Amino acid sequence: MPGEILFSQDGGVATLILSNPDKLNAVDAGMWRGLHASMTAVNADPDVRCVILRGAGEKAFAAGGDIEEFITVRATVDDALHYHEELVAAALDAVRACPVPTVAMIRGACVGGGLEIAGCCDIRIAGESSRFGAPINKLGFSMYPGEMAGLLELVGPAVLLEILLEGRILNAHEALAKGLLTRVVDDGEVEKEALATAERILKGAPLVARWHKQWVHRLMQGRPLDDAEKRAAFDFLATEDYQEGLTAFLAKRAPVFKGR
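All figures in this text were calculated on a predicted structure; none of them were measured in a lab.

Looking at the nonpolar core
No. 1: In terms of nonpolar packing, the biggest core is built from 51 residues, with Trp-32, Leu-35, Val-51 and Phe-61 touching the most fellow members.
No. 2: Sort the elements by how many residues they give to this core and helix 3 (residues 77–96) lands first, with seven residues.
No. 3: The next biggest cluster of nonpolar side chains, apart from the first, holds 12 residues, and it includes Ile-123, Val-185, Val-190 and Ile-201.

In structure tokens, the structure reads:
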């Protein structure tokens, strides 16, 4: 039975679930298409203020790609290029391009393609027993360059090469120490912490969250800001939310942000 991407929305929080429980949520071709389509829709929805990505059940976030289908989807170079560029890399780019904060809620295995997805999220919260890696060197194939971008940006070349060259599976605390994770909590607290994280994000001004993501990605390009960009950094001055934030602070009350 093929896997699927399950979608739900509660208030300003959209949740995407990688669901292929018979294969530890291994991501098949249809799921990569579904992830890309779901993220594209979410990215265009002004009502979404946070996205949570998770795996179905408690055994895995995602245990990589669906190896069984590689015999057909990667039979030739053209097939492989289509699969990894048009399906996998496109889906990962859609996660990285999300204008609102993304939270990976990780339980169990987060390996290969699962690690790539989590690495494209802004915040990664994992349980104590979760495990991480990309042991594809033992399968005789390399990670497609277009899929490396998120992990390279996250942990840098030294850690990424360690993961790929050794093919070792890391426990949660080693993954945290190497920068793959934001925080580690007890297994039974992962969902609670992910939801609490989303709630903290929702309490902030939504335009500010978008701007913070925008400027972090822009600064990672390494080019100096031009004068127009420097002025654009103060676009918040013309927003209602800025006035509400100052007013609420002075009145010692919680602000009510409207995203405008």
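Following the structure, the description resumes.
Details of the environment of His-84
No. 1: By secondary structure assignment, the location of His-84 is in helix 3.
No. 2: Residue class for His-84 comes out buried when judged on its relative accessible area of 10%.
No. 3: Discounting residues that sit within four places of it in the chain, His-84 has contacts with Arg-74, Ala-89, Tyr-144 and Glu-147.

Focus on the pattern of salt bridges
No. 1: Tallying each qualifying case throughout the model produces 17 salt bridges.
No. 2: Put simply, Lys-23 and Glu-68 hold a salt bridge, and the shortest N to O gap is 3.1 Å. With Lys-23 in the loop between strand 2 (13–19) and helix 1 (29–43) and Glu-68 in the loop between strand 4 (60–63) and helix 2 (70–73), this residue pair connects regions lying 45 residues apart in the sequence.
No. 3: Relative accessible area serves as the criterion here: at 60%, Glu-68 is assigned to the exposed category.

Considering the packing of aromatic side chains
No. 1: Within the structure shown, the criterion is met by four aromatic pairs.
No. 2: Both rings, one in Phe-70 and one in Phe-141, keep their centres 5.7 Å apart while their planes meet at 75°; by these two values the pair is edge-to-face. In this pair, Phe-70 sits in helix 2 while Phe-141 sits in the loop between strand 8 (131–133) and helix 5 (145–166), placing the two residues 71 residues apart along the sequence.
No. 3: Seen from their ring centres, Phe-236 and Tyr-242 are 5.3 Å apart, and the 65° between their planes marks the pair as edge-to-face.
No. 4: By relative accessible area, which is 26% here, Phe-236 ends up partly exposed.
No. 5: Ring pairing ties together the aromatic residues Phe-70, Tyr-83 and Phe-141, which thus form one cluster.
No. 6: The aromatic ring of Phe-70 is capped on one face by Arg-74, whose charged end is 3.9 Å from the ring centroid.

Topic: the sheet that holds strand 3 (residues 50–55)
No. 1: The strand order across the open sheet formed by six strands is 1-2-3-5-7-10, and the pairing between neighbours is mixed. The two strands at the open ends of the sheet, each matched to only one other strand, are strand 1 (4–10) and strand 10 (183–185). Neighbouring strand axes in the sheet, compared pairwise and without regard to direction, differ in orientation by 20° on average.
No. 2: Lying on the sheet, helix 1 is in contact with strand 1, strand 2 and strand 3; it crosses strand 2 at an angle near 175°.

Structural notes on the pairing of strand 5 (residues 102–106)
No. 1: Most of strand 5 is tucked away, with five of its five residues classed as buried.
No. 2: What you see with strand 5 is no split at all: Thr-102, Ala-104 and Ile-106 on one side and Val-103 and Met-105 on the other are buried throughout.
No. 3: As paired elements, strand 3 and strand 5 share four bridges and run parallel to each other. The residue bridging Ile-52 from the neighbouring strand is Val-103, located in strand 5.

Details of the sheet that holds strand 9 (residues 170–171)
No. 1: Ordered by their spatial adjacency, four strands build an open sheet running 4-6-8-9, and the pairing between neighbours is mixed. The two strands at the open ends of the sheet, each matched to only one other strand, are strand 4 and strand 9.
No. 2: Where strand 6 (residues 109–111) and strand 8 come together, three bridges link them in parallel fashion. Residue pairing across strands places Ala-109 opposite Arg-131, the latter belonging to strand 8.

Overview of the state of the cysteines
No. 1: The full count for this structure, using the stated rule, is zero disulfides.
No. 2: In this structure Cys-110 is a free cysteine whose sulfur lies 9.0 Å from that of Cys-121, the closest cysteine sulfur available.
No. 3: Overall, the relative accessible area of 0% leaves Cys-110 in the buried class.
No. 4: There is no disulfide at Cys-120, and the cysteine sulfur nearest it, in Cys-121, is 7.1 Å away.

Parameters and conventions
- Residues numbered from 1 in each chain as written.
- Predicted model: local features only at pLDDT ≥ 70, side-chain atom pairs only at ≥ 80, totals over all residues.
- Heavy atoms only, no water.
- Core = buried A, V, L, I, M, F, W, Y, C linked by side-chain atoms within 4.5 Å.
- Buried < 20%, exposed > 50% of the residue type's maximum accessible area, 1.4 Å probe, protein only.
- Helix = DSSP H or I, 4+ residues; strand = E, 2+ residues; numbered from the N terminus.
- Contact = heavy atoms within 4.5 Å.
- Salt bridge = Lys/Arg side-chain N within 4 Å of Asp/Glu carboxyl O.
- Phe/Tyr/Trp six-rings, centres within 6.5 Å; stacked < 30°, edge-to-face > 60°.
- Lys NZ or Arg CZ within 6 Å of the ring centre and 35° of its normal.
- Pairing = 2+ DSSP bridges.
- Axes fitted to C-alpha atoms, helices over the stretch in contact; angles between N-to-C directions.
- Disulfide = S-S within 2.5 Å.

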